[in-house]
Amino acid sequence: MDRRSHQGEVSQLFDDITSVALNTAIAGLSERQRVTTDNIANLETPGFQARAVKFEGNLADAINGQHPEQTRVENLETGDLPGQNGNNVNLETELITATETGLQQKLITGTVTSRFGWMASVLKG
Amino acid sequence: MSIPIAPIGSIAPLAGLGGVSPTGYDASLGGSAAASNVMPVGTSGTGADFASALANGFDAVQAAQTDANQLSVQAATGQLVDPAQLTIATTKAQLMTQMASAIQSKAVTAFNTIMSMQA
Amino acid sequence: MYDAINTSGTGLTAYRAWIDVLANNIANVNTIRPTSENAFQASYVEAQEIGAGPDGIGRGVTVVDLPKGDPAGDLAYSPDSPLADAEGMVRRPDINMSQQMGDLILAQRAFQANANAVERSKAMYEAAIQIGKGM
């Protein structure tokens with residue numbers, strides 16, 4: 001029996017659209033948290049341009065096209081208007097983003113854990 | 001709000017043995033349309049209905065898992081309005097999978113016990 | 001997702017804008033201009049509700065405009081001022097200090113209320129996310 005083909009079958013268990021979507025979301029959310037923390041740290045830096053991470057729309061499109069693993073996680077400038085010293089970080093927006101990203105991370109990682117739980121109870125028999 | 005957890009429905013009686021009926025089953029307990037909440041009642045009679053009852057039960061588990069998967073994708077793409085829907089669906093799928101696994105192993109054990117009974 | 005938090009976030013942004021505007025007005029309460037120019041004009045915040053989403057629930061508030069106050073101001077007699085005209089008159093801004101301070105308290109309280117709403121909503125979402133954990 002070809003060992004390589006069996007490895008392919010096993011990894012397909014974890015390559016379904018839902019698993020890939022959840023893993024992409026985890027990566028995107030982690031990037032978003034990093035960027036938000038960076039924005040808040042640079043609240044008073046003159047001339048600093050705030051950035052935002054965008055991936056949910058790309059993920060939805062990629063899923064519709066049956067290629068969820070090809071989702072782009074984008075890190076773009078917000079383009080908000082700058083304040084007095086050329087800094088355009090909006091503190092309330094960043095705090096709200098940080099709060100929501102934290103909640104979403106808990107939700108998604110909890111879902112990933114639960115899904116592994118299904119497989120575990122099937123394997124235990 | 002209570003989590004709608006499906007009680008175990010009637011188990012089809014094996015030949016010569018009585019089946020088990022639930023009491024006070026409330027068919028109006030909520031849940032998604034996709035997942036049937038009930039382990040279906042087999043008709044009385046032979047062991048073949050036991051197998052079909054098991055198969056239908058697994059369909060219900062599959063439906064619950066599919067429901068949870070769909071809600072997971074909605075959450076990953078940021079389109080899910082109520083996170084509680086996802087956690088409830090995930091919990092339900094987990095419980096139904098565990099229950100199906102437990103019932104399957106008990107059924108196999110019972111079958112083996114019966115098959116090993118010598119005249 | 002997390003609409004309750006987003007909506008409260010719009011409130012935070014709007015009330016922060018109001019506080020910024022009030023702070024500027026109060027800082028310039030004594031800014032004098034010659035009678036040949038307009039007085040310093042107080043700014044106001046014009047806010048509008050954001051319409052309802054598909055579930056019929058509103059989505060918060062947004063600042064649509066920052067209109068300015070009366071350009072005529074108050075004429076005051078101040079002959080020693082370097083900006084005084086031939087009759088010794090200057091233009092003072094038309095800013096009522098007690099009203100500005102009252103508004104400042106309103107804005108700060110409203111900001112606080114929205115921040116509290118964010119905390120309550122966050123606790124609710126966390127409870128939803130906890131369902132089924134540790135099974």
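Residues numbered from 1 in each chain as written. Chains lettered and ligands numbered in written order. Predicted model: local features only at pLDDT ≥ 70, side-chain atom pairs only at ≥ 80, totals over all residues. Heavy atoms only, no water.

On to the packing of aromatic side chains, then. By convention here, two paired aromatic rings are described through the distance between centres and the angle between planes. Residues and elements named next belong to chain C. Taken as a whole and assessed by the stated rule, the structure comprises 2 aromatic pairs over all chains. Look at Tyr2 and Tyr125: their rings are 4.9 Å apart centre to centre, the planes differ by 90 degrees, and that puts the pair in the edge-to-face class. With a gap of 123 residues between them, Tyr2 in the segment before helix H1 (3–27) and Tyr125 in helix H2 (residues 97–130) connect regions that are remote in the sequence. Among the residues examined, Tyr125 registers a relative accessible area of 6% and is labelled buried. (Phe/Tyr/Trp six-rings, centres within 6.5 Å; stacked < 30°, edge-to-face > 60°. Helix = DSSP H or I, 4+ residues; strand = E, 2+ residues; numbered from the N terminus. Buried < 20%, exposed > 50% of the residue type's maximum accessible area, 1.4 Å probe, protein only.)

With that out of the way, let us pick up the confidence of the model for chain B. All names here are of chain B. Here chain B averages 70 in pLDDT, and 58% of its residues register 70 or above. Confidence over residues 1–40 falls short of pLDDT 50; this stretch has 60 contacts with residues more than four positions distant or in other chains. Quick note on the complex model: pTM equals 0.76, ipTM equals 0.82. (pLDDT = per-residue confidence, 0-100. Contact = heavy atoms within 4.5 Å.)

Okay, the nonpolar core next. Core analysis: the biggest nonpolar cluster contains 36 residues, and A:Leu107, A:Ile108, B:Ala76, C:Tyr2 and C:Ile5 have the highest contact counts within it. Mapped by element, the contributors of at least two residues to this core are helix H2 (17–41), helix H3 (56–64) and helix H4 (91–124) of chain A, helix H1 (47–76) and helix H2 (83–115) of chain B together with H1 and H2 of chain C. Broken down by element, this core gets its largest block of residues, 8 residues, from H1(B). Those residues in contact with C:Ile5 that lie beyond four places of it in its chain are A:Ile96, A:Thr99, A:Glu100, A:Leu103, C:Val118, C:Ser121, C:Lys122 and C:Tyr125. (Core = buried A, V, L, I, M, F, W, Y, C linked by side-chain atoms within 4.5 Å.)

It is common to give the size of an interface as the accessible area that goes away when the parts come together. Opposite the 15 residues of chain C that make contact, chain A presents 12 residues. Both faces considered, chain C and chain A share a buried interface measuring about 1200 Å² in area, 66% of it formed by carbon and sulfur atoms. If you look at where chain C meets chain A, you find 2 salt bridges. As a salt-bridge pair, A:Lys106 and C:Glu126 come within 2.7 Å of each other at their nearest N and O atoms. On inspection of chain C and its partner chain A, the count reaches 3 residue pairs in polar contact (both at pLDDT 80 or more). Every element with two or more residues in the side of chain C that touches chain A is listed here: H1 and H2 of chain C. Taken together, the residues of the side of chain C that touches chain A sort by class into 8 nonpolar, 3 polar and 4 charged. (Buried area = accessible area lost by both parts, 1.4 Å probe. Salt bridge = Lys/Arg side-chain N within 4 Å of Asp/Glu carboxyl O. Polar contact = N/O pair within 3.5 Å; in protein donor to acceptor, adjacent residues only side chain to side chain. Nonpolar A, V, L, I, M, F, W, Y, C, P; charged D, E, K, R; others polar.)

Each partner contributes residues to the interface: chain B has 20 residues there, and chain A has 20 residues. At the junction of chain B with chain A, the criterion picks out 2 residue pairs in polar contact (both at pLDDT 80 or more). At the level of elements, H1 and H2 of chain B are the ones that each hand at least two residues to the side of chain B that touches chain A. If you tally residues by element for the side of chain B that touches chain A, the top one is H2(B), at 10 residues. Across the side of chain B that touches chain A, the residue classes break down as 7 nonpolar, 13 polar and no charged.

Right, let's get into the side chain of B:Ser72. Relative to the helices and strands, B:Ser72 is located in helix H1. Apart from residues lying up to four places away in sequence, B:Ser72 is in contact with A:Thr18, A:Leu22, A:Thr111, A:Arg115 and B:Leu86.

Here we take up H2(C). All names here are of chain C. Relative to the 50 Å expected for 34 residues at 1.5 Å per residue, H2 spans 50 Å between its end C-alpha atoms, a close match to the ideal helical length. When H2 is considered as a whole, its buried residues turn out to be Gln100, Asp103, Ala107, Ala110, Asn114, Val118, Ser121, Tyr125, Ala128 and Ile129. The positive-phi residue at the C-terminal boundary of H2 is Gly132, with phi of around 80 degrees. (Expected span 1.5 Å × (residues − 1).)

This part is about unusual backbone geometry. Residues other than glycine seldom take positive phi values, yet A:Gln66 does so here, at roughly 65 degrees. Among the structural elements, A:Gln66 can be located in the loop between H3 and strand E2 (74–77). Residue classification places A:Gln66 among the exposed positions, given a relative accessible area of 54%. A positive phi angle, near 55 degrees, is found at C:Tyr2, a position not held by glycine. Taking relative accessible area as the criterion, C:Tyr2 reaches 2% and is therefore assigned buried.

All names here are of chain A. Residue position: Thr24 is located in helix H2. On the basis of relative accessible area, Thr24 is assigned to the buried category, the value being 12%. With 95 residues separating them in the primary sequence, Thr24 and Met119 have C-alpha atoms 20 Å apart. Setting aside residues no more than four positions away along its own chain, Thr24 makes contact with Phe55, Leu59, Pro68 and Thr71. A distance of 2.7 Å separates a polar side-chain atom of Thr24 from the backbone oxygen of Val20.

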